Amino acid sequence: MTDALVDEAVFTELADAMGAEFAAELVDTFLSEAPGMFAELRAAFVGRDADNYRRAAHSIKSNADVFGARALADQARAMEMSELPENDTAIATLDAIYADTSAALKARLHD
């Protein structure tokens, strides 16, 4: 797993504490729920709803932190702590990081 995407120590600690099977279920749940969180983030951006934008970014950040998905959590945290942006560059960046992170998490499950 790429350290820049997922902190192996955090992921291993989760698997050791909860069991590998349960950790895999958590990853699967996150991967299935993430598109909805991203849709909420985009809807809030389009609707110029700063509170819901920050709330959606917070949800993504919190979920990413569970797995040690540092880059994803850091980008979502920056979005949560910022003002509502004028353009969707931050969302595009988050989308790209998520695509790489989800691939890394899926690969980790099949190790």
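Given the structure is predicted, the values throughout are model-derived calculations rather than measurements. (Residues numbered from 1 in each chain as written. Predicted model: local features only at pLDDT ≥ 70, side-chain atom pairs only at ≥ 80, totals over all residues. Heavy atoms only, no water.)

### Brief notes about unusual backbone geometry
Our working rule: Strands here mean DSSP runs of E at least two residues long; helices mean DSSP runs of H or I at least four residues long; both are numbered from the N terminus. The rule is simple: take the accessible area with a 1.4 Å probe, protein chains only, and divide by the maximum for that residue type; under 20% is buried, over 50% is exposed, in between is partly exposed.
The phi angle at arginine 48 is positive, at roughly 55°, despite the residue not being glycine. Counting through the fold element by element, arginine 48 comes out in the loop between helix H2 (20-46) and helix H3 (50-67). Assessed through its relative accessible area of 39%, arginine 48 is described here as partly exposed.

### Observations regarding the pattern of salt bridges
Which entries qualify depends on this criterion: Salt bridges are defined as contacts in which a side-chain nitrogen from Lys or Arg sits within 4 Å of a carboxyl oxygen from Asp or Glu.
Across all of its chains, the model carries eight salt bridges by this definition. Close ionic contact of aspartate 7 with arginine 70 constitutes a salt bridge, the shortest N to O distance being 3.6 Å. Taken together, the residues span a long stretch of sequence, with aspartate 7 in the segment before helix H1 (8-18) and arginine 70 in helix H4 (residues 70-81) at a distance of 63 residues. Of the charged contacts in the structure, one is a salt bridge between aspartate 74 and arginine 77, with a shortest N-O distance of 3.0 Å. Of this pair, aspartate 74 and arginine 77 both sit in helix H4, three residues apart, which is roughly one turn of the helix. Residue classification places arginine 77 among the partly exposed positions, given a relative accessible area of 30%. Residues joined by salt bridges that share partners form a network here, namely Asp65, Asp74 and Arg77.

### Topic: the packing of H1 against H2
Just so we agree on the cut-off: Every angle, taken between N-to-C directions, lies between 0 and 180 degrees, and every axis is a line fitted to C-alpha atoms, over only the stretch in contact when it is a helix. Oblique is the label for any angle not covered by the other classes, which are roughly parallel (under 35 degrees), roughly antiparallel (over 145) and roughly perpendicular (65 to 115). Note on contacts: a residue pair is in contact if any heavy atoms of the two residues lie within 4.5 Å. Only Asp, Glu, Lys and Arg are considered charged, only Ala, Val, Leu, Ile, Met, Phe, Trp, Tyr, Cys and Pro nonpolar, and every remaining residue, Gly among them, polar.
Contact pair H1 / H2: the axes reach a minimum separation of 6 Å and the direction vectors enclose 120°. Judged by the inter-axis angle, H1 sits oblique to H2. Here Phe11, Leu14, Ala15 and Met18 of H1 come into contact with H2, specifically with Ala20, Phe22, Ala23, Leu26 and Val27. Class assignment of the residues belonging to the contact of H1 with H2 gives a composition of nine nonpolar, no polar and no charged.

Limitation: the analysis is restricted to geometry and does not speak to function.
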